[in-house]
Amino acid sequence: MASSNSKSTNETKKIFKILLTNPRIAVSWVRAHAGDIGNERADQLEKDATKHGQPYSLIKLPKPHIKSLLRKSMLEEWQTLWKNGDTGRKIYNIMPSVSLRPTNWIREDVIFFSQHGPFPAYLKRFHLSHSDFCSCGGIGTAFHYAPEYIYTVSWHMRKPAPNFEQEWLKRVANNLVSRHKIRGIIKFMCENRDLFRPP
């Protein structure tokens, strides 16, 4: 497999190295048109490409342009999946657009905004609690502890009108001071679970 092309030689060396370090990979010669399913399929695809495929263009696009096109395509596909998905809807309502920028959320933020944590309403949903009521008598959702619960008064925020809860959650998610309060509530709840159990 000698070649005058140094790039080709390097690729060949890489392939040999992979084969030598992975003894479970077997390489063998397959006689053409011998009934091997994979080989027959490759032949068929090759014929289809020559008859119906697009002509190959020798125009070389700059790598940054190709990366940009791939990134755009990937983000569009991700956005479609995120929009049409049936999981993560609580987070979707806060962040409807996908992005490659990090959110800088920590564990407590995720627990609060996904509402998957030590909340009676969440635990009841999975039959881990006999009631979805908080020890104060209110429905024990994540939202309940931010503006109302007596033991979390140190971190309370102003309660929004019922029809503005979603907008309130978006604002809290985008406000670092509010997120610090949320983190305090979640840490307190995790350390003092008995205070939040239904009566």
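Residues numbered from 1 in each chain as written. Predicted model: local features only at pLDDT ≥ 70, side-chain atom pairs only at ≥ 80, totals over all residues. Heavy atoms only, no water.

Per an unreviewed UniProt entry, the chain is named RNase H type-1 domain-containing protein, and its organism is Araneus ventricosus.

All right, on to the packing of helix α5 (residues 107–114) against helix α9 (residues 176–191) then. The N-to-C vectors of α5 and α9 enclose an angle of 90 degrees; their axes lie 9 Å apart at closest approach. Classified by the angle their axes make, α5 and α9 are roughly perpendicular. Contacts from Arg-107, Glu-108, Asp-109, Ile-111, Phe-112 and Phe-113 in α5 reach Arg-179, Ile-182, Arg-183, Ile-186, Lys-187 and Cys-190 in α9. Of the residues assigned to the contact of α5 with α9, the class counts are six nonpolar, no polar and six charged. (Axes fitted to C-alpha atoms, helices over the stretch in contact; angles between N-to-C directions. Helix = DSSP H or I, 4+ residues; strand = E, 2+ residues; numbered from the N terminus. Parallel < 35°, antiparallel > 145°, perpendicular 65-115°, else oblique. Contact = heavy atoms within 4.5 Å. Nonpolar A, V, L, I, M, F, W, Y, C, P; charged D, E, K, R; others polar.)

Looking now at the pattern of salt bridges. With the rule as written, the count across this model stands at four salt bridges. A salt bridge links Glu-167 to Arg-171; the nearest nitrogen and oxygen atoms lie 3.9 Å apart. Of this pair, Glu-167 and Arg-171 both sit in helix α8 (residues 165–173), separated by four residues, roughly a single helical turn. It is possible to trace a salt-bridge network through shared partners that takes in Asp-109, Arg-179 and Arg-183. (Salt bridge = Lys/Arg side-chain N within 4 Å of Asp/Glu carboxyl O.)

Let us now look at the domain arrangement of the chain. Along its sequence, the chain is organised into domain 1 (10–52) and domain 2 (102–195). Each of domain 1 and domain 2 has a C-alpha centre, and the two are 55 Å apart. (Domains from an automatic or database assignment.)

Among the secondary structure elements, Ile-139 is positioned in the loop between α6 (120–125) and α7 (142–145). Sequence-distant contacts of Ile-139, that is, excluding residues within four places in its chain, are made with Ala-121, Asp-132, Phe-133 and His-144.

Here the focus is the packing of aromatic side chains. Taken as a whole and assessed by the stated rule, the structure comprises nine aromatic pairs. Measuring from centroid to centroid gives 5.5 Å for Trp-155 and Phe-188, while their planes differ by 45 degrees, and the two rings are tilted. Of this pair, Trp-155 sits in the loop between α7 and α8 while Phe-188 sits in helix α9, and the two are 33 residues apart along the sequence. Looking at Trp-155, the relative accessible area reads 23%, which means it is partly exposed. Here the aromatic residues Phe-119, Tyr-145, Tyr-149 and Tyr-151 are joined through ring pairs into a cluster of three or more. Sitting over the face of the ring of Trp-82, Arg-89 holds its NZ or CZ atom 5.1 Å from the ring centroid. Stacked on the ring of Tyr-92, the Lys or Arg Arg-89 has its end atom at 4.5 Å from the ring centre. (Phe/Tyr/Trp six-rings, centres within 6.5 Å; stacked < 30°, edge-to-face > 60°. Buried < 20%, exposed > 50% of the residue type's maximum accessible area, 1.4 Å probe, protein only. Lys NZ or Arg CZ within 6 Å of the ring centre and 35° of its normal.)

A separate point is the side chain of Ser-129. When you line up the elements, Ser-129 lands in the loop between α6 and α7. Exposure remark for Ser-129: the relative accessible area of 16% places this residue in the buried category. Here Ser-131 takes part through its backbone oxygen, which lies 2.9 Å from a polar atom of the side chain of Ser-129. (Polar contact = N/O pair within 3.5 Å; in protein donor to acceptor, adjacent residues only side chain to side chain.)

Taken together, the buried positions of α8 are occupied by Trp-168, Leu-169, Val-172 and Ala-173. Along the long axis of α8, the arc covered by the buried residues comes to 130 degrees, so they all point the same way. Lining the buried residues of α8 we find α4 (89–94), α5, α7 and α9. (Arc of directions from axis to C-beta.)

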